[in-house]
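In case you want the letters, here they are:
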Amino acid sequence: MDTSLRNGRPPRRGESTSPGSAVAPMPRADGVALPVEVSRESSTPLPDQLAQEIRRLIASGTVRPGEPVPSSRRLSAHLGISRGSVETAYTQLGVEGFLVSAERSATRVNPELSGTGHLSVHRPATSESPRRRLRNYVDLRPGFGGDDPLREPAFRRAWRESLDTDPGPIDPLGQPSARWAIADYLRLSRGMAVDPDDVILTSGSRDGLRLLLTVGITGAIAVENPGFPGLRQAMADRDLVPLDSAADPTSASGPRVGAVVVTPNHQFPHGTPMPVDERVRLLEWAARNDVIVIEDDYDSEARLTRTLVPTLYDLAESGSSSAQVVHIGTFSTLLTSAVSTGYLVARGSIGIRLMELRTALGPAFSPVMQTAIGSYLSSGGLRRRISRGRRRLRAAEAVVSGIGEIPGLVHDGRTLVIETGETEAQTLRTQLRERGILVASLAEGWAGANDVRHGIVIAHSNVEAEVLRQALETLQTLLSRLVPC
């Protein structure tokens, strides 16, 4: 008898119409369909065939420990065989330890099966769904930490509103509402006069930097030495030269520099700003040598004073400088890297090339998230978040002042730097990590192997005052145990 033609119905998709066999999706309580094949023409009894098929599915990982199998009634009706045949197969598999059953509960694959020798076939590495990891550490690395914006009512409200808002036509450069909100945010927070049409949305600083390096910037890249390690990772395939030597007219001729990357508002590692006169000299050098200035405005919002140092972008636009400046910004440090949002501000020929490439590649991230970011900025949510961050920084400064001596501490700006020997720095970071405290490496900020300084870098405003106090007390204890280099 052809089981695929039972009850007068046509064969289902995937079923064989050859006499005596049935290849049908196996019904499951969770809606997953699994292939089972039985044949009435085989000399092997149907219960034995079905048991062999289920063993195969379990061994291959298609059916996993703890998952339910169909009821005998459903499976027998689906395959067109007797319910007794299915019950016989299930009983045999239960005796063998493949299946377990309980009163008023579905028959399931034995949850303990993964630890037995039954699974002779290699199971896929992704057989278990990933679990959400809970945060159980104190993150004092620059660019990390801070309170979670995803739990912030203002951000959650902006996200919900974005789901109910028609974003309109998809703009690969960024949704108009988000570009307008970013331009207005820069006006209020940085005093910048930015046309929304000059704003290009990215998925963060590194994405913006890679976009820049793709539009035809040739030659070496001049970088601050030391400089922020995060940007270095995005330029690993380029020739990097220290800015001081590249801009020194008395130095020996080196590789031609096509661009310079600077973080003028938070120079690594201390977080000190670049003075205005140095900014002007940098623009003059860039203009003379046809070098594109890439300005990462990292951490400018966290200043303790209300003094605003003009951005390189504004200095070039408002003055007589012919230097091309591209302004890079990100909300990843203010919000979280899980949001992955940022922007570029560019004009002139470099701006045109960037817009052409971004248009060809499409939107950097979800237009729904772009709408949410625009709403969050326009509602003042980010400005209030920045104010909370400044209060946390003031409280952190008070903790540092009252904690007592920290050997090797250099505290000139927005971060704490503890200088040590190379071995001591590695030991210290390892010991802190074992105690649930993450800090950054001072040595990662240097380009090349010359004059590298070792130690750790701490963004002390990442956490609340009491958490910081406990972390610094742990640091003091570990430092007292280190043998001087």
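Rules used throughout
Residues numbered from 1 in each chain as written. Predicted model: local features only at pLDDT ≥ 70, side-chain atom pairs only at ≥ 80, totals over all residues. Heavy atoms only, no water. Salt bridge = Lys/Arg side-chain N within 4 Å of Asp/Glu carboxyl O. Helix = DSSP H or I, 4+ residues; strand = E, 2+ residues; numbered from the N terminus. Buried < 20%, exposed > 50% of the residue type's maximum accessible area, 1.4 Å probe, protein only. Contact = heavy atoms within 4.5 Å. Phe/Tyr/Trp six-rings, centres within 6.5 Å; stacked < 30°, edge-to-face > 60°. Pairing = 2+ DSSP bridges. Axes fitted to C-alpha atoms, helices over the stretch in contact; angles between N-to-C directions.

S.K.: Hey, could you run me through the pattern of salt bridges in this one?
M.R.: Pairing between side chains of opposite charge can happen when the charged atoms of each approach one another. All told, the structure shown has 14 salt bridges when counted by the stated rule. Between Arg281 and Asp277 there is a salt bridge, with its nearest N and O atoms 3.6 Å apart. Within this pair, Arg281 and its partner Asp277 are both found in helix H9 (residues 276-288), separated by four residues, close to a single helical turn. For Asp277, a relative accessible area of 43% puts it in the partly exposed group. In this structure, Arg469 engages Glu466 in a salt bridge whose closest nitrogen and oxygen atoms are separated by 2.7 Å. Taken together, the residues span about one helical turn, with Arg469 and Glu466 both in helix H15 (residues 465-481) at a distance of three residues. Residue Arg469 is classed as partly exposed on the basis of its relative accessible area, which comes to 30%. It is possible to trace a salt-bridge network through shared partners that takes in Glu152, Arg385 and Arg388.

S.K.: Please explain the side chain of Arg358 as it appears in this structure.
M.R.: Along the polypeptide, Arg358 turns up in helix H11 (residues 348-361). Apart from residues no more than four positions distant in its own chain, Arg358 is found in contact with Pro172, Leu173, Ile200, Leu201, Asp207, Leu211, Pro363 and Ala364.

S.K.: I'm lost on the packing of aromatic side chains in this one. Help?
M.R.: Each aromatic ring pair is described using two quantities: the centre-to-centre distance and the angle formed by the ring planes. The tally for this structure, following the rule as stated, stands at three aromatic pairs. With centroids separated by 5.4 Å and ring planes inclined at 80 degrees, the aromatic side chains of Phe155 and Tyr376 adopt a geometry described as edge-to-face. On the criterion of sequence distance, the pair formed by Phe155 in helix H4 (residues 153-163) and Tyr376 in helix H12 (residues 367-378) is long-range, its members being 221 residues apart. Assessed through its relative accessible area of 4%, Phe155 is described here as buried.

S.K.: What is the right way to look at the sheet that holds strand E9 (residues 257-262) in this model?
M.R.: Strand pairing in a sheet relies on backbone hydrogen bonds, with the paired strands running either antiparallel or parallel. In space, the seven strands of this open sheet follow the order E6-E12-E11-E10-E9-E7-E8, with mixed pairing throughout. For this open sheet the edge positions go to strand E6 (199-202) and strand E8 (240-242), each flanked by a neighbour on one side alone. Mean inter-strand twist for the sheet, computed between neighbouring axes without regard to direction, equals 25 degrees. Bridge analysis of strand E7 (residues 220-223) against E8 gives three bridges, and the strand direction is parallel. Paired with Ile221 across the strands is Leu240, a residue of E8. In the packing of helix H5 (residues 176-190) onto the sheet, the strands contacted are E6 and strand E12 (342-345), and the crossing angle to E6 comes to about 110 degrees. Set on the sheet, helix H6 (residues 205-214) makes contact with E6, E7, E9, strand E10 (292-296), strand E11 (325-330) and E12; between it and E11 the angle comes to about 155 degrees.

S.K.: Honestly, H6 in this entry has me stumped. Any pointers?
M.R.: Note that an α-helix has 3.6 residues per turn; residues three or four places apart therefore point the same way. Considered for burial, the residues of H6 that qualify are Ser205, Gly208, Leu209, Leu211, Leu212 and Leu213. Positive backbone phi, approximately 110 degrees, marks Gly216, located one or two places after H6.

S.K.: I'm lost on the sheet that holds strand E16 (residues 440-441) in this one. Help?
M.R.: Judged by pairing direction, the sheet is antiparallel, and its four strands sit side by side in the order E13-E14-E17-E16 without closing on themselves. A strand with exactly one partner marks an edge of an open sheet, and here the two such strands are strand E13 (409-410) and E16. Here E13 pairs with strand E14 (residues 416-420) via two bridges, running antiparallel. Looking at E14, one finds that Leu409 is bridged to Ile418. Strands E14, E16 and strand E17 (454-458) of the sheet are contacted by helix H14 (residues 422-434), whose axis makes an angle of about 35 degrees with E17.

S.K.: Please clarify how the environment of Ile328 should be interpreted in this entry.
M.R.: Of note, Ile328 is situated in strand E11. Taking the relative accessible area as the measure of exposure, Ile328 reaches 2% and is therefore buried. Contacts of Ile328, omitting those with residues within four sequence positions, involve Ser205, Gly208, Leu209, Leu212, Ile294, Glu295, Asp296, Asp297, Tyr343 and Leu344.

S.K.: Whenever I open this one, unusual backbone geometry confuses me. Can you help?
M.R.: A negative phi angle is the norm for most residues apart from glycine, just as the trans form is the norm for most peptide bonds. Phi at Asp290 is positive, roughly 55 degrees, even though this residue is not glycine. Structurally, the position occupied by Asp290 is in the loop between H9 and E10.

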